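Each chain, written out:
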Amino acid sequence: MNPYTHLTMNERETIFLMYEQGETIGHISETLDRSKSTISRELHRNSNKDGSYSPSTAHGEYKRRKQLCGRHRTLDKDSIFQLVKRLFLNEQWSPEQISGRLNLENAKNKISYNTIYRAIYRGDFDEPGLSTGNRGAIRKLRHRGKTRHSKNRVERRGKIPISNTIHERPDSANERTEIGHWEADTVAGQTGKACLVTLVDRKSRLLLIGKSEKKASKPVVDQMIKLLQGIDSNFCKTITPDRGKEFSQHARLTKELNNTQIYFPDPHAPWQRGSNENTNGLLREYSPKGVDLTDATDEEIQGWATKLNTRPKKCLNWKIPYEIFYKTVLHLI
């Protein structure tokens, strides 16, 4: 343990009096029980230009230098604070996405995601109306640990005929080596009303999204055909939906999309379509469960897609889905 303590104001006044009386540095150090080097350094560092020593001036200089010591918090700088706050609250980027993208773009102000998490839990980003209760910006963090079905749960929903199983899917889809292998699902709104149809490319994680008037096979498949016909036919190689009844007309998908093959996952295995499941979870930030999507406009829905497609991902080395899918580079920060 280091026993050293800084000089006090009283000690500086003693140094001043004894030094003015012509006492030696050795005598002053013995009187204060300090080392000679401490007294010598104090007189050398804190004397005025004319050589005189003032205890009040010396103590003021000590306080000024002490404030400059140590590492300052990165978020104390207003420019980086406002950037992080905007990306977290307005763009819904996670702390790790903010940190990773800053490092990728070689920004002058780099910051660790732990620093951002600490700021969130300190309440640095809290604003009126952010959430109900008193937890503020903490509520903007993504929640995990969703309730899952128990092991012994029996599937009671209707079964649909399947064309191919996921185990027959080509290696290029399984290993994410090329663009054009899609995972599909629906995001329900209010029961019995409009829903969202989502398609996620396995390699780039690009999201295609459209609204279906209801969660039924015909409108859902119609929307999927519309979304996939809007891209280059070379980028539509396979589709892996879940086993919901809304995909029972999958044969029509194959016919309308140049013989694109449909592969179904195993029952109760959402991880086999993990990219789509994860993206749907992020989409819930804009379309919470139970909210009627009937009046949601195409412009609003495409705005959600744009936000997710321009959000950096750790699995893409902090690039964004748009950059991977279209083989381009954007400057986001």
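Look up a bit, the structure's there.
Residues numbered from 1 in each chain as written. Predicted model: local features only at pLDDT ≥ 70, side-chain atom pairs only at ≥ 80, totals over all residues. Heavy atoms only, no water.

## With respect to the environment of Arg122
Counted only if it meets this: Every helix listed is a DSSP run of H or I at least four residues long, and every strand listed is a run of E at least two residues long, numbered separately from the N terminus.
Relative to the helices and strands, Arg122 is located in helix 7 (residues 113–122). Sequence separation between Arg122 and Ile138 is 16 residues, and the spatial gap between their C-alpha atoms is 9.3 Å.

## Overview of the pattern of salt bridges
Quick note on the threshold: Think of a salt bridge as a Lys or Arg side-chain nitrogen and an Asp or Glu carboxyl oxygen that are within 4 Å of each other. Summary of the burial criterion: residues with accessible area below 20% of their type's maximum are buried, those above 50% are exposed, and those between are partly exposed, where the area comes from a 1.4 Å probe applied to protein chains only.
One pass over the full model with this rule turns up 15 salt bridges. Here Arg202 makes a salt bridge to Glu183, at a shortest N to O gap of 2.5 Å. You can see Arg202 sitting in the loop between strand 3 (195–201) and strand 4 (207–212) and its partner Glu183 sitting in strand 2 (residues 181–188), a full 19 residues away along the chain. The class of Arg202 is buried, set by a relative accessible area of 6%. Classification of Glu183 as buried rests on a relative accessible area of 0%. A salt bridge links Arg273 to Asp185; its shortest N-O distance comes to 3.1 Å. Here Arg273, found in the loop between strand 6 (261–264) and helix 11 (274–283), pairs with Asp185, found in strand 2; they are 88 residues apart in sequence, far enough to count as distant. According to the relative accessible area criterion, Asp185 is buried, its value standing at 8%.

## A look at helix 6 (residues 95–104)
Rules: A contact between two residues is defined here by any heavy atoms of the two lying within 4.5 Å.
Here helix 6 lies mainly inside the structure; 7 of its 10 residues are buried. Residues of helix 6 that are buried: Pro95, Gln97, Ile98, Ser99, Gly100, Arg101 and Leu102. Elements that come into contact with the buried residues of helix 6 comprise helix 5 (78–90), helix 7 and helix 13 (321–326). Asn106 sits one or two residues past helix 6 and shows a positive phi near 55°.

## Thoughts on the nonpolar core
Short version of the rule: For our purposes a nonpolar core is just a set of buried Ala, Val, Leu, Ile, Met, Phe, Trp, Tyr and Cys residues, chained together by side-chain atoms within 4.5 Å.
Counting residues in each nonpolar core, the largest one holds 24 residues, and the members touching the most others are Trp182, Leu199, Leu208, Met224, Leu228, Ile239 and Leu253. When residues of this core are traced back to their parent elements, those giving at least two are strand 2, strand 3, helix 9 (217–229) and strand 6. By residue number, the principal contributor to this core is helix 9, which donates 6 residues. Apart from the residues within four sequence positions on either side, Leu228 is in contact with Trp182, Leu199, Leu208, Cys236, Ile239 and Leu257. Counting 19 residues, the second largest nonpolar core, distinct from the first, contains Phe88, Ala119, Phe125 and Ala137.

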